[in-house]
Structures are given as structure tokens and as C-alpha cells.
Amino acid sequence: MSSVLYDAQGPRAKRRNVLLTVVFLVAFAALVWWVYSALDEKGQLDWAKWEMFFTSSEPWSTYIWPGLQNTLKAAALSVVIALPLGAVLGIARLSDHAWVRVPAAIVVEFFRSIPVLVLMIFGLALFAEYTSVSSDDRPLYAVVTGLVLYNASVLAEIVRSGILALPKGQAEGAMAIGLRKGQVMRLILLPQAVTAMLPAIVSQLVVILKDTALGGAVLTFSELLASANTMSSYYGANTIASFTVVAVIYIGLNFALTSFASWLERRLRRAKKSTGAVLKADDQPNAGAAAGGGGDLT
């Protein structure tokens, strides 16, 4: 069956697609077998390499859990600061006053253009030179600073684009009933834009969680990935097993975050729908009096 956007395949096209599918599956199976053979030849798939993660609590309590705590701490602090800061900058870029709009635009475009790793290194030097933060806490402060500056700028653009995507009639109708600009933004535009912006916001939160690994790679911040590197060295170059376990943990964290965001988005969409029950005439207050009121008035 053909449609406007799709033409039904003929016999030759079907045979060609089947052939390409078979070739792809064979090539993919060969790649998987090659990777498996290479790992098995190096002894990376031996049970001795994986046993400690299932039979001992030492790798979890000594390496994985402390690293996971630092990752979650840095990500949580960055999210708590970057979300409201990004919202403020995004709303400021929509201001009618140039003295508010222009500085906000400069800040957003400046920090959005700099790699987050450069911001982390700059933050580390800043805390070492001009503050009394201890050397043990500087990596955490630097990671949070870099993540906040970069991601707040990105979130500001998400907020701005989400608000601008709403129909102009929303703001015009609110102003027509006498609401001020601040009330229109707070009561009308933002609640509607949040639902539309939620997928993009969650994607940025996932980026924040993963970018904490940059601090471990460069700033000696003992987050989850850095802990996996140390753990791999301690257990005799157990690289594949250690990083596979860490990758599974990252996947689980991000899947939990996106699942929660999907649930929250569905809940917000349902909350916007009317939940009021339609009342019958005899259920309304004074319905009987209104129906037979003529006899009582005489």
C-alpha cells in the first residue's frame, strides 16, 4: 500500500533489503565474535577477573561506593545551582529592558562557548589562588563551578526557547485580564513551558552527571570513573571488568533519571487536563429552589 510519504517496495527492493539485513547481521556477529575472542585471549573474561564483584564487598565499599557518592554529590550540587540560575538567565534574556537583557545574553553566550573542562581548570586555579578552600575540597568546588557555569548557560537557552515556543496569545490573553508581566511569566508561561522543556532539561541533567568524570580525569577528583581506574590497578590491570561495572552503574543512574522525568512529564500533562465532574441539575446548590421558586415568591 502506498501513501503520500511512502511508496510500497517492489520485489527487487524487498530482496535487496533482505540481503542488506543479512549482510549487516553477519558483519555484526563477526565483530562481536572478534571482540569476544580478543578479550578471551587476553584473559579479560576469566571468572577470576569478575569474581570479586559478586563474592566480596571490598571493591564496592572501598572504591565504587565512595566514588559514586562524590559523583552524586557534585551532580546534585550542580543541578541545584544551575537549574534556578539558568531559569533566571533565560527569563532575563526575554526582558524588555536592555540593561537586563544584554548582560544576561553576554553571560550566557560567553560561558556557553567555553568547554566545561576549561571552566573546571579555571575554577581550580581560582580557588587555589584567591580562596582559603582546602586542597582536598578544591577539586569538588572546581567541578561544581565548571558544571554550573556551562550548564546554567545551556539551560538558559532551553528556558528561553521553551517560552518563545508558546503561542503569543497566551501572554496577550493574560495581559488582557489585567495581569502584570511578572504574573504572566510566573502563572501562565512558565507552567506551560516546563512540560515542553522537560525532555531537554533532563538531557542536560544527564550531561551534568556524566561530565563529573572530567574532574576525575584532570583534577584528581575521586568520582566514580576515577575510582574505577584506581580499582582496576589495585586488582591487577582488571580494566574490562572494572569499567564494565562502572558503565552499568552509569546506565542505571541515567535510566532512573530519564524514567523519573517521563513519569513527571505524564503527571504534569494529566494535571493540566480538567478533572472536575459535571454536575447534574439536581446536584447543584439551590437547584430545587430555582426550579420551583415561582410558587414560593407569591
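Not measured: the values here are computed from a predicted model.

Caption draft 1: Seen up close, the overall build of the chain. Helix and strand content of the chain: eleven helices and zero strands. For the chain, the α and β elements follow one another from N to C terminus as α-α-α-α-α-α-α-α-α-α-α. In the chain, once contacts between residues fewer than 6 apart in sequence are set aside, the share between residues at least 24 apart is 72%.

Caption draft 2: Highlighting the side chain of Ser153. Mapped onto the secondary structure, Ser153 falls in helix H6 (residues 138-164). A polar contact of 2.9 Å, which involves the side chain of Ser153, links it to the backbone oxygen of Leu149.

Caption draft 3: Layout of the confidence of the model for the chain. For the chain, the average pLDDT comes to 82, and 88% of its residues sit at 70 or higher. In this model residues 274-281 is a low-confidence stretch, pLDDT under 50, and it forms two contacts with partners more than four residues away in sequence or in other chains. Across residues 287-298 the pLDDT falls below 50, and counting only partners more than four positions away or on other chains, this stretch makes two contacts in the model.

Caption draft 4: Local environment of the pattern of salt bridges. Within this structure, the stated rule accounts for four salt bridges. As a salt-bridge pair, Arg93 and Glu109 come within 3.2 Å of each other at their nearest N and O atoms. Of the two residues, Arg93 is situated in the loop between helix H3 (58-92) and helix H4 (98-113) and Glu109 in helix H4; the sequence distance between them amounts to 16 residues. Residue class for Arg93 comes out buried when judged on its relative accessible area of 16%. For Glu109, a relative accessible area of 31% translates into the label partly exposed.

Caption draft 5: Quick look at the packing of aromatic side chains. Using the criterion set out here, one finds eight aromatic pairs in the structure. Ring centres 5.7 Å apart and planes at 20 degrees place the aromatic pair Trp47 and Phe54 in the stacked group. Note on accessibility: Trp47 and Phe54 belong to one class, exposed. Measuring from ring centre to ring centre gives 6.4 Å for Phe53 and Trp60, while their planes differ by 80 degrees; the resulting arrangement is edge-to-face.

Caption draft 6: View of the side chain of Ser95. Relative to the helices and strands, Ser95 resides in the loop between H3 and H4. By relative accessible area, which is 17% here, Ser95 ends up buried. Among the polar contacts made by the side chain of Ser95, one reaches the main-chain amide nitrogen of His97 at a distance of 3.1 Å. Once you skip the residues sitting within four places of it in the chain, Ser95 turns out to touch Val100 and Arg101.

Caption draft 7: Up close: the nonpolar core. Counting 32 residues, the largest nonpolar core has Val143 and Leu189 as its most contacted members. Of all the secondary-structure elements, those providing two or more residues to this core are H3, helix H5 (116-130), H6, helix H7 (168-176) and helix H8 (181-218). Among the elements that make up this core, the one with the highest residue count is H6 (twelve residues). In this structure, Ala228, Ala241, Val245 and Tyr250 belong to the second largest nonpolar core, which totals 15 residues.

Caption draft 8: Quick peek at unusual backbone geometry. Backbone geometry at Thr220 places phi at a positive 55 degrees, although glycine is not the residue there. The topology assignment puts Thr220 in the loop between H8 and helix H9 (224-234). Judged by relative accessible area, which is 66%, Thr220 ranks as exposed.

Caption draft 9: Inspection of the packing of H5 against H8 at higher detail. One way to put it is that H5 packs onto H8 with a least axis distance of 10 Å and a crossing angle of 55 degrees. With respect to H8, the axis of H5 lies oblique. Between H5 and H8 lies a crossing of right-handed hand. Packed against H5, whose contacting residues are Val116, Leu117, Met120 and Ile121, the element H8 presents Asp211, Leu214, Gly215 and Val218 at the interface. Of the residues assigned to the contact of H5 with H8, the class counts are six nonpolar, one polar and one charged.

About the thresholds
Residues numbered from 1 in each chain as written. Predicted model: local features only at pLDDT ≥ 70, side-chain atom pairs only at ≥ 80, totals over all residues. Heavy atoms only, no water. Helix = DSSP H or I, 4+ residues; strand = E, 2+ residues; numbered from the N terminus. Contact = heavy atoms within 4.5 Å. Polar contact = N/O pair within 3.5 Å; in protein donor to acceptor, adjacent residues only side chain to side chain. pLDDT = per-residue confidence, 0-100. Salt bridge = Lys/Arg side-chain N within 4 Å of Asp/Glu carboxyl O. Buried < 20%, exposed > 50% of the residue type's maximum accessible area, 1.4 Å probe, protein only. Phe/Tyr/Trp six-rings, centres within 6.5 Å; stacked < 30°, edge-to-face > 60°. Core = buried A, V, L, I, M, F, W, Y, C linked by side-chain atoms within 4.5 Å. Axes fitted to C-alpha atoms, helices over the stretch in contact; angles between N-to-C directions. Parallel < 35°, antiparallel > 145°, perpendicular 65-115°, else oblique. Left-handed = near helix turned anticlockwise from the far one by under 90°. Nonpolar A, V, L, I, M, F, W, Y, C, P; charged D, E, K, R; others polar.

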